[in-house]
Amino acid sequence: MLDFFTIFSKGGIVLWCFQGAGVTESFTGPVNALIRSVILQERSGNSSFSHGGLSLKYKLDNEFELIFVVGFQKILTLTYVDKFINDVQLRFRDRYKNELEQKGALKLLNNSFEFENDFKMLLSVAEESSKARGPAGMRTFEQSGKSQKTVKSMIETKGGDKGKEQGGKKNKNAKKEAQPAKGDQDKASPSGQKMVENGNQSLTAEEILQKNREEFFRKHRPGASEKPSKSPKPQKPKGKQNRVWNTGGISTRDLDYSDKNGNGSPNGAEQNLEEMQPASMKGDLLSVEYESSDEEEMEEEDEEVVVRETSKPSSKKGGGLFGMLKGLVGSKSLTREDMEPVLEKMKDHLIAKNVAADIASQLCDSVAKKLEGKVMGTFTTVASTVKQALQDSLVQILQPKRRVDILRDVMEAQSQRRPFVITFCGVNGVGKSTNLAKISFWLIENGFTVLIAACDTFRAGAVEQLRIHQRRLNSLHPPEKHGGRPVVQLYEKGYGKDAAGIAMEAIAYARNQAFDVVLVDTAGRMQDNAPLMTALAKLIAVNMPDLVLFVGEALVGNEAVDQLVKFNQALADHSMSDKPRLIDGIVFYCEYFTIGVGAAISMTYITGQPIVFVGTGQTYNDLRSLNARAVVSALMKA
């Protein structure tokens with residue numbers, strides 16, 4: 001029932017393979033898809049992968065750098081696959097241990113691994129064991145308990161019922177007799193040991209008399225007439241204090257911004273204009289930088305030592321210097337039990353940094369599979385090894401899987417005499433229009449002309465907001481410096497119109513007027529609003545933009561994952577073609593880079609799409625490109 005089983009090294013050398021009877025298609029396509037989508041992208045938290053109609057499961061052997069992959073039809077439920085792939089791994093390791101320890105590509109190629117007989121034996125054992133654990137069959141009537149009963153035992157007799165009733169009455173009477181009367185119980189107790197109610201159940205008569213004497217003397221003391229309050233009186237709430245207003249007024253000198261020389265110009269006007277003038281943004285964007293201080297590095301080292309001490313408790317025999325050296329020197333391969341305490345701390349740290357809980361679990365599982373069976377280096381700790389592996393995995397996830405060079409793409413569209421179209425989408429209030437204006441400024445700084453399509457025909461003030469950005473951008477780049485033509489224009493048709501039609505007209509206008517870039521601003525919409533999501537899918541399907549960017553905010557946390565998943569799902573469901581157009585990249589707004597940076601990991605992990613732009617503020621210069629190592633450094637700091 002297996003389609004194929006293959007064993008290959010991490011260098012790509014196929015050591016042995018098996019293909020089921022009747023299977024004509026090659027297994028290279030699904031295996032290559034598994035390598036590209038899971039193994040190379042550090043997404044090995046889940047050991048299963050689907051490709052077409054096949055379901056693939058794999059096992060990593062980090063000691064010998066081998067990968068075991070099994071493929072079977074997705075409609076089948078094979079419960080023995082996980083145990084079977086583990087058995088094959090152990091058998092293959094034990095049989096060819098000497099050849100694998102040579103670790104030479106040419107030597108592995110020259111070796112012939114005759115493993116077919118062992119494989120078929122293990123497969124037959126696994127299939128038989130799965131059949132043995134199947135559901136038990138129905139019992140026959142002779143095997144049931146009813147077959148042992150006779151007709152006489154099933155006949156009910158009245159005498160038996162009366163006997164039962166009489167027996168029940170006798171039991172009730174016996175219970176009543178067993179409970180002595182309250183008066184008899186009081187009479188039976190002696191006067192010296194009489195129990196008194198009202199809080200004196202455990203006191204004898206002499207103790208009660210002593211207690212009464214103490215209360216009598218306490219009541220007749222001077223000043224004892226006032227009864228002490230059992231609970232303190234609640235304090236009265238203080239009333240609102242009267243505000244003291246400064247009625248002296250404000251001096252006009254505080255409002256005088258004129259120059260001391262008396263020329264009527266604002267004080268420091270030229271200096272203020274220079275400060276308001278944005279810096280040049282020609283060329284590629286600056287990357288986000290994060291530098292950890294020495295104190296933070298010392299805190300991380302202290303935390304690493306604590307993790308090491310808590311994860312490996314010292315024994316009596318291994319204490320002192322010998323125990324420390326034993327914990328440092330790499331004398332054995334890593335196991336899941338060794339990494340479990342460190343991984344738990346790493347998982348809690350990622351969740352505290354706004355990484356989604358399920359994604360944090362998958363990342364830690366991926367690191368565990370990557371390191372399990374790997375021999376540690378000399379003088380390295382488990383904590384440092386796991387932390388370094390997690391950092392490498394995070395950097396690999398954030399790295400773009402394809403080329404992201406918008407300036408080059410715009411120039412390529414120029415050579416084809418067509419505009420480069422970018423569509424912005426996202427939920428309400430995340431800053432789509434603001435980030436669109438920043439990107440417009442960056443494109444204008446690099447010598448391109450921009451047409452802004454106002455396709456947000458729903459929100460009041462959306463068109464006016466874009467018109468203000470257009471004026472400011474044209475004032476920063478006057479038309480006189482660009483041949484008398486405005487570098488940025490706004491294409492709008494008012495409110496209440498079809499957004500897809502406005503975008504189509506704007507693209508046609510940009511083609512006729514030789515604009516380089518068209519930036520399409522769409523209305524904000526929640527991911528659960530089906531009519532608005534249908535309208536967005538229509539806009540993208542009709543106009544086919546070159547780039548679809550999702551604008552997300554860092555402070556939403558795990559909500560960003562739900563937004564991205566549902567936006568992609570809506571675009572796929574309402575698409576008009578077999579290959580739907582999904583989100584191509586992310587504009588990540590994070591004003592405070594040390595807060596909420598975990599959302600970047602969640603958004604990139606769930607979609608596999610790169611973060612193209614990072615917004616860091618409210619000015620036109622606050623636009624950066626992503627630096628994966630800076631994000632990971634900010635994420636891993638204590």
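Residues numbered from 1 in each chain as written. Predicted model: local features only at pLDDT ≥ 70, side-chain atom pairs only at ≥ 80, totals over all residues. Heavy atoms only, no water.

Concerning the sheet that holds strand 13 (residues 623-624)
Applicable threshold: One requirement defines pairing of two strands: DSSP has to find at least two bridges between them. For the purposes of this entry, the term helix denotes a DSSP run of H or I that reaches at least four residues, the term strand denotes a run of E that reaches at least two, and both are numbered from the N terminus.
In spatial order, the strands read 8-7-9-6-10-11-12-13; together these eight strands make up an open sheet with mixed pairing. Strands with a single pairing partner mark the edges of an open sheet, and in this sheet they are strand 8 (488-491) and strand 13.

Some words on the sheet that holds strand 4 (residues 54-61)
Backbone hydrogen bonds hold the strands of a sheet together, and the pairing may be parallel or antiparallel. Selection criterion: Convention adopted: a line fitted to C-alpha atoms gives each axis, helices being fitted over their contacting stretch, and angles between N-to-C directions are expressed from 0 to 180 degrees. Here, two residues are considered to be in contact whenever any of their heavy atoms come within 4.5 Å of each other.
The strand order across the open sheet formed by five strands is 2-1-5-4-3, and the pairing between neighbours is antiparallel. Looking at strand neighbours, the two that pair on one side only are strand 2 (14-19) and strand 3 (48-51), the edges of this open sheet. Neighbour-to-neighbour, the strand axes of the sheet open up by a mean angle of 15°, direction not taken into account. In the sheet, strand 4 pairs with strand 5 (residues 66-73) via eight bridges, with the strands oriented antiparallel. In the strand pairing of strand 5, Lys59 is matched with Phe68. Helix-sheet contacts for helix 1 (residues 28-39) involve strand 1 (2-9), strand 3, strand 4 and strand 5, and the interaxial angle to strand 3 is about 125°.

Details of unusual backbone geometry
Our working definition: For every residue, the accessible area (1.4 Å probe, protein chains only) is compared with the maximum for its type, and the residue is labelled buried under 20%, exposed over 50%, or partly exposed between those bounds.
Phi is positive for Arg417, close to 55°, though the residue is something other than glycine. Accessibility expressed as a relative area gives 75% for Arg417, which makes it exposed. A positive phi is found at Ala514, a non-glycine position, where the angle reads about 60°. Tracing the chain through its elements places Ala514 in the loop between helix 18 (499-512) and strand 9 (517-521).

Some thoughts on the UniProt feature "domain: SRP54-type proteins GTP-binding" (unreviewed entry) in the protein chain
For clarity, the cut-off: UniProt positions are given in the numbering used here, feature names are shortened, and annotations may be inferred rather than shown by experiment.
According to UniProt, the feature "domain: SRP54-type proteins GTP-binding" (unreviewed entry) maps to residues 610-623 in the numbering used here. Secondary structure content for residues 610-623 is 0% helix and 43% strand, while the C-alpha to C-alpha distance between its ends is 16 Å.

Quick look at the nonpolar core
Our working rule: To qualify as a nonpolar core, a set must consist of buried Ala, Val, Leu, Ile, Met, Phe, Trp, Tyr and Cys residues joined through side-chain atoms within 4.5 Å.
Counting 113 residues, the largest nonpolar core has Leu363, Ile406, Phe424, Trp442, Leu443, Phe588 and Phe613 as the members making the most contacts within it. At nine residues, the largest contribution of residues to this core is made by helix 14 (residues 382-398). Contacts of Leu363, omitting those with residues within four sequence positions, involve Leu350, Leu390, Leu394, Ile397, Ile601 and Tyr605. Counting 27 residues, the second-largest nonpolar core is a separate cluster that includes Phe5, Tyr96, Leu100 and Phe113.

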